Amino acid sequence: MPLPASNTPWPPREWQPITQKTNEWAAWWSGDTQTLWNTYHAETTTTHRRGLIGFVQRFFWGRTTNAAANRPSRGDLHIPIAADLCASSADFLYATPPTITTTSQTTNQQIERYKDDGLFEALLTGAETGAALGGRYHRVTWDPAIADRPFLSTVDADHAIPEFRWGRLTAVTFWTVIEQSGNTTWRHLERHELTPDGLGLTYHGVYEGTPDNLGIMRSLAEHQATNPLASMVGPDGHVTAGITRGLPVAYIPNVTPQIRWRTHPTARNLGRSDLDGIEPLMDALDETYSAWMRDIRLAKARIFVDRDMLTQSRPDRDGNTHTTFDLDQEVFTPLDGIAGSMADQVPIQPQQFAIRYAEHQATANELMAQIIHGARYSQASFADTGDSDITATEVRARQSKTATTRGRKIRLEKPAVQALIAKMLTVDQAVFGTPGLDPNDLAVDFPPFVQNTTEDNAQTVQALRAAQLLSVETGVQMAHPDWDKTQVDEEVARIRAAQPLTDPAQWRPQTHQPDDEE
């Protein structure tokens, strides 16, 4: 049976260091302060047990005084820069979707239906998850009860146990907690693997166990979340067999190589998170902003008043007498007998501390710059400068580091996306019987990071036309890169009709006529 045996520790012991780190990145990505405190406080406790009193212990979010019970009046701040980095990484890839082209009109039409079903939304969501956790899994999914064609779904990297051969994914086990009640945990496991001849198999199982152990394998029909799968499982325990060659799953690493686990036999094939290595900087940024807000709280104006100047009030319902000070009383009338005792002291002392905003702001700005640089992006990609009149060339120069990082990610995205779409077309033929699809001839192309404006294109076309180095057709294509061939041909025809004498297609060199004197 390819699924794990009952009473297996979960996640597997050899995978727990990887899971611990991905949980840390997930805590920063989610921005939940309680989860951050739990993460680093647990690491601090483990550090003490091992006798390594040092770096982890000094984390702002891991200090004992940061426990909610110890800070009832202090509002620590979390700056969601991790979430901003991961969302921006996904936007850099899929804010403008890539183009998917094929020579088959029928295939093109079906791919457009995939887009309508949320193909690019799944890729965009997965790209953000992958930026946070170092990679993500996309699987080609089909369910005739939901849709009459396959669609793309995403599994986060912290809920998968992969297996690689020669750096290629050969099997993976997905797991989902479907019910948590006290110490009882129900999990659904979904395993994808290959037969010896390369066909894909998919297994499903449900387990009743504890938070750190799978427990006993149950029948799929015993839980409502997996009951629909019970009728789909064959006698050998698998759901699908022999439909297509290869796995219906693709792993897309965020950035490679994986430095942290380069000696781990399996994890070395994973990707690298955008947050890897900048956790201390993000922690320091939160501490800086929390200290800034503390300065603001301490700087609230306070007035220290001599107790003798407080007015006795009437008892309240409980018989308690309170003293008050009338802030609106501008003139105090001295009484006989006490003026001398007040002569040598000031009964009212105002106090207001300075707010060190410049120092905090400079520190925060420097930390943010280091965080963005450590994530391998240009600071200009996250700065709202408001420059609207700069050229595309200037934008490229300011965001060259971001463009380089995006290029590295595209080289990992492109082959995986092409393979996923080809697999969707293959499943569409095998499961739903859709005719006329060609999964072998398609291309995925990502647009440039910085696209030229209409003015930039017009200037380039004008310069090349003046040098007689550009045809009308190519000029129209450069000026309108988003046009298809029909639109370009129609525009070329209109230009030739309006300017017949300047059309290079009709230009002919003049024949030299000798002078009469010759």
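Structure: see above.
Quick look at the structure, then. (Residues numbered from 1 in each chain as written. Predicted model: local features only at pLDDT ≥ 70, side-chain atom pairs only at ≥ 80, totals over all residues. Heavy atoms only, no water.)

Some remarks on the pairing of strand β4 (residues 160-165)
It is a general feature of regular strands that their side chains alternate between the two faces of the sheet.
Here is step 1: Where β4 and strand β5 (residues 168-181) come together, six bridges link them in antiparallel fashion. Looking at β5, one finds that F164 is bridged to L169.
Here is step 2: Between the end of β4 and the start of β5, which pair antiparallel, lie two residues, with W166 showing a positive phi angle near 55°. (Pairing = 2+ DSSP bridges. Helix = DSSP H or I, 4+ residues; strand = E, 2+ residues; numbered from the N terminus.)

A look at the packing of helix α4 (residues 105-116) against helix α11 (residues 400-432)
In a pair of packed helices, the angle between the axes and the distance between the axes together describe the arrangement.
Here is step 1: Look at α4 against α11: their axes get within 11 Å of each other, and the N-to-C directions meet at 105°. Comparing the axis directions of α4 and α11 gives the class roughly perpendicular. Counted together, T107, Q110, I111 and Y114 of α4 and I421, M424, L425 and D428 of α11 form the full contact between these two elements.
Here is step 2: Considering only residue class, the contact of α4 with α11 consists of five nonpolar, two polar and one charged. (Axes fitted to C-alpha atoms, helices over the stretch in contact; angles between N-to-C directions. Parallel < 35°, antiparallel > 145°, perpendicular 65-115°, else oblique. Contact = heavy atoms within 4.5 Å. Nonpolar A, V, L, I, M, F, W, Y, C, P; charged D, E, K, R; others polar.)

Section: the side chain of S153
Here is step 1: For S153, the location among the structural elements is in strand β3 (residues 151-156).
Here is step 2: A residue is classified by how much of its surface remains accessible, and S153, at 15% relative accessible area, is buried.
Here is step 3: A distance of 2.9 Å separates the side chain of S153 from the side chain of R139, its partner in a polar contact.
Here is step 4: At 2.6 Å, the side chain of S153 and the side chain of T141 are in polar contact.
Here is step 5: Every residue in contact with S153, bar those within four places of it in the chain, is listed here: Y137, H138, R139 and T141. (Buried < 20%, exposed > 50% of the residue type's maximum accessible area, 1.4 Å probe, protein only. Polar contact = N/O pair within 3.5 Å; in protein donor to acceptor, adjacent residues only side chain to side chain.)

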